[in-house]
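# Observations on the three-dimensional arrangement
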Amino acid sequence: MAAQAQQDSAVDSVHDSVREDSVRDREISVEQAHLDRVYHRLEEKIHEAEFLMNDAAQRGQVGTPGALAERDAQVFRAGVHLSRLNNEFEDFLFGRIDLLLGKDGKKGPDGAYTAVEPAEGALRPDGTADIAETLHIGRIGVLDEDYAPLVIDWRAPAAAPFYRSTPVDPGRVVRRRVIRSKGRRVLGVEDDLMRPEIKASLDGEELAVVGDGALMAALGQARTHSMRDIVASIQAEQDLVIRAPAASVTYVEGGPGTGKTAVALHRAAYLLYQDRRRYAGGILIVSPTPLLVAYTEGVLPSLGEEGQVAIRAIGSLVDGAEATLYDSPATARAKGSSRMLKVLRRAARGALEPEGSPTLLRVVAFGRRLELEAEELAGIRRTALGGTAPVNLLRPRARRLLLDALWAKSGAAGRHTDPELAAELRSSFDEDVSSEDSFLAFLDAWWPELTPAAVLAAMADERKLGRWARRVLNPGEVRKVARSLRREGHSVHDIALLDELQAVLGAPARPRKRRELDPLEQLTGLEELMPQREETQRERAERLAQERTEYAHVIVDEAQDLTPMQWRMVGRRGRHATWTVVGDPAQSSWSDPDEAAAARDEALGTRPRRRFELTVNYRNPAEIAELAAKVLALAMPGSQSPAAVRSTGVEPRFAVAADSLEETVRAEAARLLDLVDGTVGVVVAMNRREEARRWLAGLGDRVVALGSLEAKGLEYDATVVVSPAEVADESPAGLRVLYVALTRATQQLTVVSCERDEPDAAGVPDLLRD
Ligand SMILES: Nc1ncnc2c1ncn2[C@@H]1O[C@H](COP(=O)(O)OP(=O)(O)OP(=O)(O)O)[C@@H](O)[C@H]1O
């Protein structure tokens with residue numbers, strides 16, 4: 001009997017899976033037919049565009065300006081479609097929703113019923129319902145020949161229910177489907193039922209359901225070294241942030257893996273879609289590290305947006321300077337603090353008197369030798385420097401004061417009583433003196449035009465810095481800051497100082513020198529004969545984007561890490577901007593979060609803030625999140641860690657480096673490389689990162705070694721966290737940095753301990769025990 005029952009159930013399950021496969025195949029072919037229509041329509045559009053382009057070329061610029069503009073716009077749109085088609089994106093069309101009839105039953109501008117809630121009677125009392133409308137959602141919108149939507153742009157209002165609908169609050173959505181395709185071929189579909197309790201039919205047939213849902217499928221995929229967009233599985237709480245109105249400041253907090261970075265990137269694409277003209281002023285996304293920039297920069301192009309969005313690391317915001325060095329935590333703490341403001345202001349004024357600054361001005365005017373001596377010069381300098389105007393802008397004032405003093409000495413002041421003649425005499429005196437080489441040379445040496453880099457270099461002199469930092473930095477800080485400035489290159493904190501100095505110094509007062517003429521050109525006069533090449537529109541757009549220092553919208557990722565000086569720098573780039581600020585205080589690597597919060601408030605001004613919270617961890621399995629929560633409890637007692645959305649059943653592994661740390665880490669990394677298809681990250685304390693790179697030599701490019709601060713924002717299939725105690729003891733913010741390190745893995749985590757971690761018999765380090 002039992003054997004028979006077992007056999008029956010085996011037969012049933014084979015039948016089930018055959019049935020499932022055939023439903024799946026049928027649903028795939030339904031979507032394939034739709035995708036074929038979309039491509040057919042796109043090809044028609046491209047032919048139209050090509051015809052228009054040829055036609056335009058043959059007929060030249062004939063037609064009314066309006067018609068020409070319309071034709072250009074059509075050509076442009078078709079060009080966008082064309083380039084998208086040529087790119088053969090993995091999933092041009094990725095979503096579909098099947099909806100009940102809407103409350104008002106009226107179609108909106110994009111062809112969709114606008115109502116959010118179902119119409120009365122859409123659900124029959126017996127629990128059945130008809131699907132009234134089906135919408136397909138993709139990276140860009142496509143209309144058929146009758147202007148009915150074949151594909152709706154994911155950012156259009158009609159697409160919002162695709163993201164917003166949940167089983168708790170389904171609205172009109174009965175089934176949400178994610179379509180997986182590559183180029184022109186549909187590979188699979190994954191459905192989520194938003195109203196599992198009803199029996200819905202579409203064109204007289206029961207609505208089919210395939211797969212376990214797209215989110216889990218997306219989360220389980222192996223990671224590469226580039227972030228993927230999440231456009232097919234944005235969750236409701238994330239969608240609220242992405243589509244939040246751009247007024248003033250949108251402020252988002254959420255724990256590790258809650259999708260803050262993903263949301264920030266999708267928001268940039270959404271804002272551009274929604275008001276392209278307004279954001280022609282540019283969107284700046286500030287990222288903490290070049291590694292995170294490299295990791296995320298492919299997302300926007302995959303969403304169809306390029307050009308108007310600049311993703312820059314915080315150490316690359318100043319043109320011509322690039323952060324390549326790290327500062328010790330104590331040095332960083334001094335350099336990032338708003339105390340530096342005072343030091344920089346003093347340094348900018350102090351740097352005006354370099355060693356060997358002249359102490360005597362001697363000129364000949366009106367046939368007399370005139371001199372100003374050290375004390376007089378110092379007095380003039382003091383007067384010129386009164387107030388807080390930028391130092392470089394004070395040079396004309398200093399020059400005038402020098403001329404006044406020389407004039408007073410010349411004795412010519414009382415020569416004429418007639419004011420007009422007196423003024424004429426004075427003006428010819430000024431002209432005489434200021435065209436004299438000795439005067440010009442003196443001015444250049446005595447009031448040099450300062451650059452931010454020159455002032456920062458002057459601060460490398462401990463004695464001078466000590467003077468400028470008196471009662472602001474302590475002697476230990478002065479020593480450390482000066483020493484760090486003597487290195488070749490800049491740290492990420494130096495970049496904010498350079499930017500501040502640019503503001504303190506002001507732009508140079510003199511017009512820029514003309515380009516030196518090529519002697520050959522001078523001889524031949526070629527330059528005058530050769531027409532100057534006009535900049536093309538594209539070159540101009542690129543140049544303006546390069547030169548841009550202010551943006552229409554600023555998005556700050558990992559905002560908890562900005563130091564007060566960095567907030568000032570970023571603030572200057574968005575004085576008239578709207579903002580999106582995303583971060584997690586529990587991951588802050590800055591030692592004094594209160595000071596940074598005050599600087600942030602200053603940068604954002606009094607603009608009203610709209611706050612959002614993201615609460616679900618999409619990255620870490622519950623097993624890893626649980627371990628990380630132990631460190632969170634130490635780092636920020638009382639704070640809540642986000643709920644992990646899935647569990648893998650794989651517990652974190654603990655290994656102890658008994659003999660050689662190198663061998664243990666290498667073996668654990670190799671083990672994980674065997675277990676996962678994607679990437680492995682090995683996170684070590686900052687001072688170990690060079691040696692850790694050597695440890696992993698030869699293991700291939702799926703594995704990388706990272707200093708703890710470099711791991712920010714990144715993720716890997718598996719991670720090895722080396723010596724939690726070393727990471728935690730690195731800086732006053734060490735426990736929060738360790739929390740970051742422990743939350744980078746999407747599948748597996750190994751913690752390697754050494755003696756300092758005081759591991760127990762199971763290898764669990766002291767910091768991670770209950
Ligand atoms: N709705 C979603 N669908 C699919 N994947 C998602 C979704 N939301 C987030 N993810 C994935 O979860 C991971 C974490 O996202 P993200 O890096 O944006 O989080 P974060 O909040 O910035 O994390 P952290 O603060 O740790 O840097 C990424 O792999 C992202 O693609």
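Residues numbered from 1 in each chain as written. Predicted model: local features only at pLDDT ≥ 70, side-chain atom pairs only at ≥ 80, totals over all residues.

Next up on the list: the site of the ligand. In the neighbourhood of the ligand, 24 residues make up the surrounding shell, with Pro-256, Gly-259, Lys-260, Thr-261 and Ala-262 lying closest. If you list the elements that add at least two residues to the shell around the ligand, you get helix H4 (214–220) and helix H6 (260–274). Along the lines of polarity and charge, the residues of the shell around the ligand split into 8 nonpolar, 11 polar and 5 charged. (Near = placed C-beta within 6 Å. Helix = DSSP H or I, 4+ residues; strand = E, 2+ residues; numbered from the N terminus. Nonpolar A, V, L, I, M, F, W, Y, C, P; charged D, E, K, R; others polar.)

Strand order across the open sheet formed by 6 strands is S4-S5-S3-S1-S6-S7, with mixed pairing between neighbours. Edge positions in the sheet fall to strand S4 (142–143) and strand S7 (185–193), since each of these pairs with one other strand and no more. (Pairing = 2+ DSSP bridges.)

Moving on, we get to the sheet that holds strand S9 (residues 205–206). Strand order in the open sheet formed by 3 strands is S2-S8-S9, and the pairing between neighbours is mixed. The sheet is open, and its two borders are formed by strand S2 (128–130) and S9, each paired with just one other strand. Sheet analysis places strand S8 (residues 199–202) next to S9, joined by 2 bridges and oriented antiparallel. Counted as the bridge partner of Leu-202 is Glu-205 from S9.

Under the UniProt annotation, "binding site: ATP" (unreviewed entry) lies at Gly-254, Gly-255, Pro-256, Gly-257, Thr-258, Gly-259, Lys-260 and Thr-261. Its location among the elements puts Gly-254 in strand S10 (residues 249–254). By C-beta crowding, Gly-254 is classed as buried, having 22 other C-beta atoms within 10 Å. In this structure, Gly-254 is in contact with Lys-260, Asp-584, Glu-613, Leu-614, Thr-615 and Pro-642, ignoring residues within four places of it in sequence. With respect to the helices and strands, the residue Thr-261 is situated in helix H6. Not counting residues up to four positions away in its chain, the partners in contact with Thr-261 are Thr-296, Asp-557 and Gly-713. (UniProt positions renumbered as here; feature names shortened; annotations may be inferred. Buried ≥ 20, exposed ≤ 12 C-beta atoms within 10 Å, placed from the backbone. Contact = placed C-beta atoms within 7 Å.)

A few words now on unusual backbone geometry. In this structure, Tyr-147 is a non-glycine residue whose phi angle is positive, near 65 degrees. By secondary structure assignment, the location of Tyr-147 is in the loop between S4 and strand S5 (149–153). The phi dihedral of Arg-471 is positive, around 60 degrees, even though this residue is not glycine. Along the chain, the position of Arg-471 falls in the loop between helix H16 (462–468) and helix H17 (475–485).

Let us now look at the nonpolar core. Counting 186 residues, the largest nonpolar core has Ala-268, Ile-283, Ala-348, Val-682 and Tyr-739 as the members making the most contacts within it. In terms of residue count, H6 provides more of this core than any other element does, 9 residues in total. Beyond its immediate chain neighbours, meaning those up to four positions away, Ala-348 contacts Val-391, Leu-450, Val-455, Leu-501, Val-504 and Leu-505. (Core = buried A, V, L, I, M, F, W, Y, C linked by C-beta atoms within 7 Å.)

Here we come to the domain arrangement of the protein chain. Structurally, the protein chain comprises domain 1 (33–89), domain 2 (94–221), domain 3 (249–325 + 550–615), domain 4 (355–446) and domain 5 (622–768). Taking only C-alpha atoms into account, the centre of domain 4 sits 66 Å from that of domain 5. (Domains from an automatic or database assignment.)

The next point concerns the confidence of the model for the protein chain. A residue-level look at the protein chain finds 84% of positions with pLDDT of 70 or above and a mean pLDDT of 84. Within the model, the stretch residues 509–534 combines pLDDT values under 50 with 8 contacts to residues more than four positions away or in other chains. Prediction confidence for the complex, expressed as pTM and ipTM, is 0.79 and 0.99 respectively. (pLDDT = per-residue confidence, 0-100.)

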